[in-house]
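Examination of the molecular architecture
Single-letter residue listing:
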Amino acid sequence: MELVKILPMYQKQYEQITDALVNDGYVVITDALEKKLPSALLNEAKNEQDFKRAGISGLGDLHLDSNRRRDKIHWLSRSADAQASFLDFASGLQEYLNKELYLGLSYYESHFAIYDKGAFYEKHLDSFKNSKNRVVTTVYYLNEDWTDNDGGELVVYDEDDNFLAKVKPDANTLIVFMSEKFPHEVLPAKRKRYSIAGWFRIDKV
């Protein structure tokens with residue numbers, strides 16, 4: 001089994017995320033991780049050829065539906081340096097959340113997501129109520145020089161469908177929220193948009 005360690009360099013972020021999940025259920029952090037990490041991850045994403053259309057899951061099936069989402073994905077692995085560094089951060093966060101909040105998170109999965117011009121993802125939840133698979137969601141952005149006119153924002157709602165936040169997908173911005181409590185959507189992007197979506201889970205690997 002892989003050894004999970006809390007990284008001292010990210011202690012402040014771990015504390016901020018944990019406090020926010022308890023008090024608000026979500027948090028948006030700008031300049032979240034090492035300054036060079038987003039550009040390194042962006043280069044790895046641009047050099048990766050094996051992106052596939054993302055599907056819609058539910059009730060045991062997975063299917064493509066371009067009317068609901070149009071992003072392409074590639075799962076992260078430790079075979080590349082920047083991806084390994086990001087996964088190290090996530091492993092530390094998993095350990096910290098388990099220690100402080102007793103969430104029982106068993107593993108973390110994440111993928112690059114590319115939204116081509118015009119691509120979007122309609123409003124959805126990352127976990128069905130009481131399904132207890134995805135517990136905590138993370139979204140991390142890699143986009144340099146993103147302007148307000150480029151679109152592609154993440155819009156987050158509360159459990160009563162009230163607007164909470166619109167997040168510009170700037171490089172090194174991190175969003176963390178409880179997976180079954182916050183509906184969210186990705187507005188249409190007006191140029192190619194890169195991110196990493198991830199989930200801490202409590203089911204079996």
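Heads up: these notes are all about the structure in this document. Residue positions are counted from 1 within each chain, in the order its sequence is given. Where totals are concerned, whole chains, interfaces and linings use all residues; where local detail is concerned, this predicted model gives features only for residues with pLDDT of at least 70, and gives and counts side-chain atom pairs only at 80 or more. Working from all heavy atoms in the structure, the side-chain values ignore hydrogens and water.

**Re the overall build of the chain**
Operational definition: By definition, any uninterrupted DSSP run of H or I lasting at least four residues is a helix, any uninterrupted run of E lasting at least two residues is a strand, and each is numbered from the N terminus. Burial classes: relative accessible area under 20% of the type maximum marks a residue as buried, over 50% as exposed, and values in between as partly exposed (1.4 Å probe, protein chains only). The contact criterion used throughout is that any non-hydrogen atoms of two residues lie within 4.5 Å. The accessible surface values rely on the Shrake-Rupley method and a 1.4 Å probe; as for residues, cover is taken only from the protein chains in view.
When its secondary structure is counted, the chain shows three helices and 13 strands. Sorting the 205 residues of the chain into buried and exposed places 52% on the buried side. Look at the contacts in the chain between residues 6 or more apart in sequence, and 77% of them connect residues 24 or more apart. Within the structure as shown, the chain displays about 10,700 Å² of accessible surface, and the carbon and sulfur contribution to it stands at 48%.

**Structural notes on the packing of aromatic side chains**
Spelled out, the test is: Side-chain rings of Phe, Tyr and Trp (the six-membered ring for Trp) are treated as a pair once their centres are within 6.5 Å; stacked means planes under 30 degrees apart, edge-to-face means over 60, and tilted covers the remaining angles. In our convention, an over-ring charge means Lys NZ or Arg CZ found within 6 Å of a ring centre and within 35 degrees of that ring's normal.
Here the structure, examined in full by the defined rule, presents 10 aromatic pairs. Judged by centre distance (6.3 Å) and plane angle (75 degrees), the ring pair of F177 and F182 falls under edge-to-face. With relative accessibility at 0%, the residue F177 sits in the buried group. Residue placement shows K123 over the ring face of Y157; its charged tip is 4.0 Å from the ring centre. The cationic tip of R193 hangs over the ring face of Y115; the distance from NZ or CZ to the ring centre is 4.7 Å.

**Thoughts on the nonpolar core**
Considering soluble globular proteins, one finds that nonpolar side chains tend to be buried as a cluster. Heads up, the rule is: Take the buried residues of types Ala, Val, Leu, Ile, Met, Phe, Trp, Tyr and Cys, join any two whose side-chain atoms come within 4.5 Å, and each joined set is a nonpolar core.
Ranked by size, the top nonpolar core spans 53 residues in total, and within it I17, L41, F86 and Y140 carry the most contacts. Apart from the residues within four sequence positions on either side, Y140 is in contact with L33, L37, P38, L41, F86, N172, T173, L174, S195 and I196.

**Section: the packing of helix α2 (residues 37-47) against helix α3 (residues 81-101)**
Rules: Note on geometry: axes are C-alpha line fits, over the in-contact stretch for helices, and angles between N-to-C directions span 0 to 180 degrees. An angle counts as roughly parallel when it lies under 35 degrees, as roughly antiparallel when it exceeds 145, as roughly perpendicular when it falls between 65 and 115, and as oblique in every other case. Two helices crossing with the near one rotated counterclockwise from the far one by less than a right angle form a left-handed crossing, whereas a clockwise rotation gives a right-handed crossing.
Relative to each other, α2 and α3 sit at 130 degrees, their axes nearing to 8 Å. Considered as vectors, α2 and α3 are oriented oblique to each other. Between α2 and α3 lies a crossing of left-handed hand. In this structure, α2 uses L37, A40, L41 and E44 to contact α3, whose residues at the interface are D81, A82, Q83, S85 and F86.

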